[in-house]
Amino acid sequence: MARLEIRNISKKYEQQYTESFSLVNIDLTVEDGEFLSILGTSGCGKTTILGIITGIIKPDTGSLFVENVDITEMPIEKRNFALVAQQPLLFPNMNVMDNVAFGLKMKGVSKGDRLELANDILSKLGLKGLEKRFSTQLSGGERQRVAIARAMVTAPKVLLMDEPFNALHEELRVDMRELLYKLHKENRVTTIFVTHFKEEANFLSDKIVIMSKGKIDEIKLL
Ligand SMILES: Nc1ncnc2c1ncn2[C@@H]1O[C@H](COP(=O)(O)OP(=O)(O)OP(=O)(O)O)[C@@H](O)[C@H]1O
Ligand SMILES: [Mg+2]
């Protein structure tokens, strides 16, 4: 759990042919335990912000702070953030259990503890009984829940989710939204959730950031 501060972040991609920046002077604070949604149309820079926070993308200007510590130059693996990507990919050669436990293995968690932590999150996400399945043997909703389990199991300081329910049909989206709401109430992990669905943001969030063309237009507290 952590308070995240984004200060004066700008980013322009090299390959970008227009003169406009992808992100222009973004300032944003996510309080400890807060659920923040970023709402905006396609191409406004939502995925770019998440990439900069995780460390996958290097910003041109600006800094990131976690609990007042500057992490701008900190390597990805040291940040202890987790990302559920826009196109969630599970490791195809690993079953559900191994996919979920992988991050713990990388952190040097013992086998017994890995099993316990993975089992706990799998049952919270209604995935018990599917431990031995591979990605291709899961439905879209199940795959999505495994991706969320994989992100949550490591107890990240900040959880980043990039339109995680896009591939799901309407009914399942609503179920997933409710599940995520419940999980956040339980664990209070600082979360940034990207979506272009207003109702989803309204339902889930403590704070909503509305973006267009690389800029923040409005920050709404709910
Ligand atoms: N690797 C890249 N090289 C050049 N331009 C890029 C690159 N990645 C993204 N862009 C451009 O930067 C802008 C922001 O992209 P980004 O992926 O952050 O948008 P987004 O808000 O996540 O959109 P969507 O809702 O469609 O996922 C877009 O104009 C996009 O074309
Ligand atoms: Mg995106």
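Look above for the structure.
1. Topic: the pairing of strand β7 (residues 158-162)
No. 1: For β7, the tally of buried residues reaches 5 of 5 residues, placing the bulk of the element in the interior.
No. 2: Burial along β7 is two-sided: the face carrying Val158, Leu160 and Asp162 and the face carrying Leu159 and Met161 are both buried.
No. 3: Pairing geometry for strand β6 (residues 81-84) and β7, over 4 bridges, is parallel. From the neighbouring strand, Phe81 faces β7, where its bridge partner is Val158.
No. 4: Sheet topology places β7 next to strand β8 (residues 190-195); 5 bridges connect them, and they run parallel. Counted as the bridge partner of Leu159 is Thr191 from β8.
No. 5: On the question of chirality, the crossover connecting β7 to the parallel β8 by way of helix α6 (residues 170-187) is right-handed.

2. Details of unusual backbone geometry
No. 1: With phi around 60°, Asn80 is a residue other than glycine that occupies positive phi space.
No. 2: For Asn80, the location among the structural elements is in the loop between α2 (76-79) and β6.
No. 3: Classification of Asn80 by C-beta neighbours within 10 Å gives partly exposed; the count is 16.
No. 4: Unlike most non-glycine residues, Glu163 shows phi in positive territory, near 40°.
No. 5: Counting through the fold element by element, Glu163 comes out in the loop between β7 and α6.
No. 6: A tally of 20 C-beta atoms within 10 Å means that Glu163 is categorised as buried.

3. Side note on the site of ligand 1
No. 1: Taken together, 14 residues form the shell around ligand 1, and within it Tyr13, Ser42, Lys46, Thr47 and Thr48 come nearest.
No. 2: Broken down by element, the residue count for the shell around ligand 1 peaks at 3 residues, all from helix α1 (residues 46-54).
No. 3: Within the shell around ligand 1, the residues separate by chemical class into 2 nonpolar, 11 polar and 1 charged.

4. Description of the environment of Lys157
No. 1: Turning to its location among the elements, Lys157 is positioned in the loop between α5 (140-152) and β7.
No. 2: Sequence spacing of Lys157 and Gly140 is 17 residues, and the spatial spacing of their C-alpha atoms is 27 Å.
No. 3: When near neighbours in sequence (up to four residues on either side) are disregarded, Lys157 contacts Met1, Ala2, Val66, Asn80, Phe81 and Thr190.

5. Section: helix α4 (residues 111-124)
No. 1: Here α4 contains 14 residues, and its C-alpha end-to-end distance of 20 Å stays within 8% of the 20 Å for a straight helix at 1.5 Å per residue.
No. 2: All buried positions along α4 are accounted for by Arg114, Ala118, Ile121 and Leu122. Angular distribution of buried residues about the axis of α4 spans 105°; they occupy a single face of the element. In this structure, α4 carries Gly112, Asp113, Glu116, Asp120 and Ser123 as exposed residues pointing more than 90 degrees from its buried face.
No. 3: Buried residues along α4 sit in contact with α3 (96-106) and α5.
No. 4: At the exit of α4 stands Gly126, carrying a positive phi of roughly 65°.

6. Let's talk about the sheet that holds strand β3 (residues 35-40)
No. 1: With mixed pairing, the 6 strands of this open sheet are ordered in space as β6-β7-β8-β3-β9-β10. Two strands in the sheet have a free side with no partner beyond their single neighbour: β6 and β10 (215-221). With direction set aside, neighbouring strand axes in the sheet form an average angle of 15°.
No. 2: Packing of α1 onto the sheet brings it into contact with β3, β6, β7, β8 and β9 (207-212), and relative to β7 it is tilted by some 150°.

7. What to know about the packing of α3 against α4
No. 1: One can describe the packing of α3 onto α4 by two numbers: an axis separation of 9 Å at closest approach and a directional angle of 130°. Our classification of the angle between α3 and α4 gives oblique. Like other packed secondary-structure pairs, α3 and α4 cross with a definite hand, here right-handed. Only Arg114, Leu117, Ala118, Ile121 and Leu122 of α4 make contact with α3, whose side of the interface consists of Met97, Val100, Ala101, Leu104 and Lys105.
No. 2: For the contact of α3 with α4, the class distribution of residues is 8 nonpolar, no polar and 2 charged.

So, how was this worked out
Residues numbered from 1 in each chain as written. Chains lettered and ligands numbered in written order. Predicted model: local features only at pLDDT ≥ 70, side-chain atom pairs only at ≥ 80, totals over all residues. Buried ≥ 20, exposed ≤ 12 C-beta atoms within 10 Å, placed from the backbone. Helix = DSSP H or I, 4+ residues; strand = E, 2+ residues; numbered from the N terminus. Pairing = 2+ DSSP bridges. Right-handed = clockwise from strand over helix to strand, strands pointing away. Near = placed C-beta within 6 Å. Nonpolar A, V, L, I, M, F, W, Y, C, P; charged D, E, K, R; others polar. Contact = placed C-beta atoms within 7 Å. Expected span 1.5 Å × (residues − 1). Arc of directions from axis to C-beta. Axes fitted to C-alpha atoms, helices over the stretch in contact; angles between N-to-C directions. Parallel < 35°, antiparallel > 145°, perpendicular 65-115°, else oblique. Left-handed = near helix turned anticlockwise from the far one by under 90°.

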